[in-house]
Amino acid sequence: MGRQTAARFVGRTLLRLLAVIVAVAFAAPPAGAWTSSSRAFGVDIRVEGDGWGSATREEVQTLLQAVADELVDGPNPVFAHPVVVTQGGDAPVALFAPGPAGEHRVRVSAHDRAWAQYAYQFGHELCHVMAGHTAHAAADPARRRHQWFEEALCEAAGLYALRSMAARWRDDAPYPAWEDYAPVLAAYVERLLAEPHRQLPAGQSAAQWLNTHLHALRDDPYRRADNEVVANLLLQRLEASPEHWGALYALNRHEPGQVRDLGDYLLQWREHAPTEHRAFVAELAGLLGFGDEAAPSAQRPLERLAAYMPAARATLNPAN
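Note that the structure is a prediction, hence the values are computed from the model and not measured.

Rules behind the numbers
- Residues numbered from 1 in each chain as written.
- Predicted model: local features only at pLDDT ≥ 70, side-chain atom pairs only at ≥ 80, totals over all residues.
- Heavy atoms only, no water.
- Helix = DSSP H or I, 4+ residues; strand = E, 2+ residues; numbered from the N terminus.
- Buried < 20%, exposed > 50% of the residue type's maximum accessible area, 1.4 Å probe, protein only.
- Expected span 1.5 Å × (residues − 1).
- Salt bridge = Lys/Arg side-chain N within 4 Å of Asp/Glu carboxyl O.

(A) Representation of unusual backbone geometry in the model. Backbone geometry at D112 places phi at a positive 55°, although glycine is not the residue there. Relative to the helices and strands, D112 resides in the loop between strand 4 (104-108) and helix 4 (115-130). Overall, the relative accessible area of 30% leaves D112 in the partly exposed class.

(B) Representation of helix 5 (residues 147-168). With 22 residues, helix 5 should reach 32 Å at 1.5 Å per residue; the first-to-last C-alpha distance of 31 Å fits that figure. Across the 22 residues that make up helix 5, a large majority, 19, are buried.

(C) Representation of the pattern of salt bridges. Per the stated rule, a full pass over the model turns up 15 salt bridges. Residues E190 and R163 are paired through a salt bridge, measuring 2.8 Å at the closest nitrogen-oxygen approach. Residue E190 is found in helix 6 (residues 182-193), and its partner R163 is found in helix 5; the two are separated by 27 residues along the sequence. By relative accessible area, E190 is classed as partly exposed at 36%. Measuring nitrogen to oxygen at the nearest pair gives 2.8 Å for the salt bridge that ties D226 to R223. Since its relative accessible area comes to 34%, R223 is described here as partly exposed. Ionic contacts of the salt-bridge type, sharing partners, join the residues E155, E195, R198 and E228 into one network.

So this is what it looks like as structure tokens:
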């Protein structure tokens, strides 16, 4: 064997050895190596289909279950059916229609081992499942007037999951080799949070900002730049009080006809929430300029709400 041939042989051997080392280092955790708290609470995430690139389904499933661990801290009937996740290609989405066996259906666009992108996308979509997003599928367009608020909450959920995982993974990742990804998760979320369009304009309160944007958001719940301003504000409150993620289950539980404006929507959220979450929901309502949450809805007509916020007066008289 000549020197060049020997060198090529050694080079190929080293490359094969390196490939084996990488495959082992980033493989899914072996059975029993990691215990998911959300799975113990009944959250069953199933990754199906193809399109995951260099990541295996087992790796993706482990990552998504870790995301659920950051948002779910107890059992809830919403998880009576599994969450089935597939690769959607274009954009992440939580489908309104359940699967044939009642399963929640989520698509993500992340692929390969872009764990930060997976966490961000799935945290957002899992929030929709927790919040009963299927209520927006109703034929009544009034059911969708406040969908933007759920979108903002779920954007906050994606950011929260990323930030929380970045801190946890420094020394407690599902698999030891994944601890190296902690700085990547942290850098990803901090870059998002620092984007200029997500910042509340200087000199404006959240209520003042919302007063000028509420109509546009009501007409189009997918105004990302606007939703992300609210998401940054909500994230601050939720990071300070993470025990209140359970309040999500009470969103969208009102009956049709009970909600006429955002104030009613927030009040119905509060009234359907367990006692331990009501003060927190009222705090968020106050942040947005709807602070009269003490009165029951029957004693709080829309005309009374109009005294608290000009945008509510515009709801009464949309032509003005």
